[in-house]
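Listed below, chain by chain, are the residues.
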Amino acid sequence: MNRVQKQDQINEIRERFSKMASAVVTDFRGLDVQSVTRLRDEFRKVGVEYKVIKNKLFGLAVKDSPFHGKLVDHLVGPTAVAWSYDDPAAPARVAVTFAKTNEKLRIKCAVLGNEVLDDKAVVSLSKMPGKNELLGTMLATFMAPAQEFVRLLAAGSTNFVYVLDARRRQLEEK
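A few points about the overall build of the protein chain
Consideration 1: When you go through the protein chain residue by residue, the secondary structure sums to 7 helices and 5 strands.
Consideration 2: Its helices and strands in sequence order give the protein chain the pattern α-β-α-β-α-α-β-α-β-β-α-α, from N to C terminus.
Consideration 3: Rg of the C-alpha trace for the protein chain: 26 Å, well past the compact-globule value of 16 Å for 174 residues, more than 25% over.
Consideration 4: Split into buried and exposed, the 174 residues of the protein chain put 33% on the buried side.
Consideration 5: Averaged over its 28 positive side-chain charges, the protein chain has a centre that lies 4 Å from the centre of its 21 negative ones.

This is the structure in structure tokens:
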């Protein structure tokens, strides 16, 4: 790989880190091709990019970032990164789930914002609800007062219909 190609890769890594919501750094040593393909497919299903990166290029790409000092310690052995641009918990969820069934995948750390999370924090991140679940909860919270108000407005007419129906049944029984 010549100098221009290396610089292109460094710029590509920098760009991904600048656009990401989160990233999970893994060690894939010992995984066979079939397992890596399955892992890539799982990441792809949730919109996460997964790429093997040389540690030296990775270190150079994040050199000026606020998380550089904490991240460089994890750049030992084979390294692959899963970037998510939408849902911060998605790469952690997929990596943790896959690591449960395949012990050869080792989660080194994760980057969330400007923080580097250790492997235990990645497990906690994987248990957080996803973006869609949080949006649904927020929407339900916003809709609750309006729904209650509509129910309150309709209650008078609904109760009046119940009274009329009760009176009708009462007259029919006589």
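So much for the structure itself; the text now carries on.
Looking at the sheet that holds strand E3 (residues 79-84)
Consideration 1: Pairing in this open sheet of 5 strands is antiparallel, and the strands run E2-E3-E1-E4-E5 from one edge to the other. At either margin of the open sheet sits one strand with a lone partner, and together these are strand E2 (48-53) and strand E5 (115-118). Strand-to-strand twist of the sheet, defined as the mean angle between neighbouring strand axes without regard to direction, takes the value 20 degrees.
Consideration 2: Note that strand E1 (residues 22-27) and E3 share 5 bridges and pair antiparallel. Along E3, the bridge assignment pairs Thr26 with Ala80.

Quick look at the packing of aromatic side chains
Consideration 1: Inspection of every chain in the model, using the stated rule, returns 3 aromatic pairs.
Consideration 2: Relative to Phe58, the ring of Phe17 has its centre 5.6 Å away and its plane inclined at 25 degrees; by these criteria the two rings are stacked. Here Phe58 lies in helix H3 (residues 55-61) and Phe17 lies in helix H1 (residues 3-19), a separation of 41 residues in the sequence. For the pair Phe17 and Phe58, one class covers both residues: buried.
Consideration 3: Seen from their ring centres, Phe17 and Trp83 are 5.6 Å apart, and the 80 degrees between their planes marks the pair as edge-to-face. Note that Phe17 is positioned in helix H1 and Trp83 in strand E3, a separation of 66 residues in sequence. For the pair shown, Phe17 and Trp83 are each scored as buried.
Consideration 4: Members of the aromatic cluster, each reached through a chain of ring pairs, are Phe17, Phe58 and Trp83.

A few points about a nonpolar patch on the surface
Consideration 1: A cluster of nonpolar side chains, contributed by Leu135, Met138 and Phe142, occupies part of the molecular surface with about 320 Å² of accessible area.
Consideration 2: For Met138, the location among the structural elements is in helix H7 (residues 131-173).
Consideration 3: Judged by its relative accessible area of 42%, Met138 is partly exposed.

Considerations on H1
Consideration 1: With 17 residues, H1 should cover 24 Å at 1.5 Å per step; its first-to-last C-alpha distance of 25 Å lies within 8% of that length.
Consideration 2: All of the buried residues in H1 are Ile10, Ile13, Arg16 and Phe17. Viewed end-on, H1 has its buried residues packed into an arc of 125 degrees, placing them on one side of the element. Pointing more than 90 degrees away from the buried face of H1 are the exposed residues Val4 and Ser18.
Consideration 3: Packing partners of the buried residues in H1 comprise E1, E2, H3, E3 and strand E4 (106-112).
Consideration 4: The N-cap residue of H1 is Asn2: its side-chain oxygen and the backbone nitrogen of Val4 are 3.1 Å apart.

Quick look at the environment of Leu125
Consideration 1: Topologically, Leu125 is positioned in helix H6 (residues 119-126).
Consideration 2: Overall, Leu125 belongs to the buried group, its relative accessible area being 6%.
Consideration 3: C-alpha separation for the pair Leu125 and Ala110, spaced 15 residues apart in sequence, amounts to 9.3 Å.
Consideration 4: Setting aside anything within four residues of it in sequence, one finds Leu125 in contact with Pro88, Ala89, Ala92, Leu112 and Leu117.

The rules behind each value
Residues numbered from 1 in each chain as written. Predicted model: local features only at pLDDT ≥ 70, side-chain atom pairs only at ≥ 80, totals over all residues. Heavy atoms only, no water. Helix = DSSP H or I, 4+ residues; strand = E, 2+ residues; numbered from the N terminus. Rg over C-alpha atoms; globule rule 2.2 N^0.38 Å. Buried < 20%, exposed > 50% of the residue type's maximum accessible area, 1.4 Å probe, protein only. Lys, Arg positive; Asp, Glu negative; His and termini not counted. Charge placed at Lys NZ, Arg CZ, Asp CG, Glu CD. Pairing = 2+ DSSP bridges. Axes fitted to C-alpha atoms, helices over the stretch in contact; angles between N-to-C directions. Phe/Tyr/Trp six-rings, centres within 6.5 Å; stacked < 30°, edge-to-face > 60°. Patch = residues over 30% accessible without salt bridge, like charges linked within 9 Å, V, L, I, M, F, W, Y side chains within 5 Å. Areas by Shrake-Rupley, 256 points an atom, 1.4 Å probe, with all protein chains shown as cover. Salt bridge = Lys/Arg side-chain N within 4 Å of Asp/Glu carboxyl O. Expected span 1.5 Å × (residues − 1). Arc of directions from axis to C-beta. Contact = heavy atoms within 4.5 Å. Polar contact = N/O pair within 3.5 Å; in protein donor to acceptor, adjacent residues only side chain to side chain.

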